[in-house]
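Analysis of the macromolecular model
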Amino acid sequence: MTPEGTLVASRVVESLATPLETCFADQLTGYLRIESGMPLADADPVVVTLDGGVPTAAVVPDGDQTGAGALAALPDTGPFRVERARTSASALASLHDRPACHVDPGAIAERADAPALAARLRERAPDDPTDDSMADFLDDPDQIAALKAEARAEATARADEWGLSDQLDTE
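Residues numbered from 1 in each chain as written. Predicted model: local features only at pLDDT ≥ 70, side-chain atom pairs only at ≥ 80, totals over all residues. Heavy atoms only, no water.

Brief notes about the side chain of T49
Formally: Numbering goes from the N terminus for both helices and strands, where a helix is a DSSP run of H or I of at least four residues and a strand is a run of E of at least two. Polar contacts, as counted here, are pairs of nitrogen or oxygen atoms within 3.5 Å of one another; within protein the pair requires one atom able to donate a hydrogen and one able to accept it, and residues that are adjacent in sequence qualify only if both atoms are side-chain atoms.
Along the chain, the position of T49 falls in strand β3 (residues 46–51). One polar contact links T49 to H96, side chain to side chain, over a distance of 2.7 Å.

Here it is as structure tokens:
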């Protein structure tokens, strides 16, 4: 699941703010591979993709955690072993096209106690087209009504199938 990339640097750092700041300044398109810097730590690495230096997606490659769940898998404190890799935007598309992998661009910086960096990351973050489509959907009362009707019909069918029709509130 980790895209192919060219290793730019590999370091052990006390705070994730340091590599985030470097990626932001370099406008790196690629990813960070982050794991505990403690030799005996038994935690899976987390891969955070970057678009122009801005965190956009996160995954635990050997696990089933994505997005905010993947970020939660990061150790609470350093040291961290961080690899920075450069790659093309097209190599990252498989992760960026999955909304479940998306992360708040400033979340890692906030976690690293770098609120000013978090604000700059959010400011530079590209607009997320999925946010607009979801907002458009939620603003359309006809689509919401159709979704509710479909859910109601499915619930009624399941209740009939399971012999629970008399338990269903049909108001």
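Next comes the rest of the write-up.
Some thoughts on the pairing of strand β4 (residues 54–59)
Our working definition: Three labels apply to residues, based on accessible area from a 1.4 Å probe with only protein chains included: buried if under 20% of the type maximum, exposed if over 50%, partly exposed otherwise in between. Whether two strands pair comes down to DSSP finding at least two bridges between them.
Within β4, 6 of the 6 residues are buried, leaving the element largely enclosed by the surrounding structure. Here β3 runs beside β4; their pairing, made up of 5 bridges, is antiparallel. Residue D51 lies in a different strand from β4, and its bridge partner there is V54. Counted along the chain from β3 to the antiparallel partner β4, the turn is 2 residues long, and its residue G52 has a positive phi close to 65 degrees.

Things to note about the sheet that holds β4
How we decide: Fitted lines through C-alpha atoms give the axes, limited to the stretch in contact for helices. The angle between two N-to-C directions lies from 0 to 180 degrees. Residues are treated as being in contact if the distance between any of their heavy atoms lies within 4.5 Å.
What the 5 strands build is an open sheet, ordered β1-β5-β2-β3-β4; its pairing is antiparallel. Only two strands of the sheet have a single partner each, and these edge strands are β1 (6–13) and β4. Strand-to-strand twist of the sheet, defined as the mean angle between neighbouring strand axes without regard to direction, takes the value 20 degrees. In terms of strand pairing, β1 meets strand β5 (residues 80–86) through 7 bridges, oriented antiparallel. When the sheet's bridge partners are listed, L7 is paired in β5 with A85. Contacts from helix α3 (residues 89–96) reach β2 (30–36), β3 and β4 within the one sheet, and its direction differs from that of β3 by about 120 degrees.

Thoughts on the pattern of salt bridges
Rules: The term salt bridge refers to a side-chain nitrogen of Lys or Arg lying within 4 Å of a carboxyl oxygen of Asp or Glu.
Applying the stated criterion across every chain yields a total of 8 salt bridges. Between E35 and R81 there is a salt bridge, and its shortest N-O distance comes to 3.8 Å. With E35 in strand β2 and R81 in strand β5, this residue pair connects regions lying 46 residues apart in the sequence. Between E83 and R81 there is a salt bridge; the shortest N-O distance is 2.9 Å. In this structure R81 comes out as partly exposed when scored by relative accessible area, which is 33%. Through salt bridges that share partners, R33, E35, R81 and E83 make up one connected network.

Take it as geometry only, folks, not as evidence of what the structure does.
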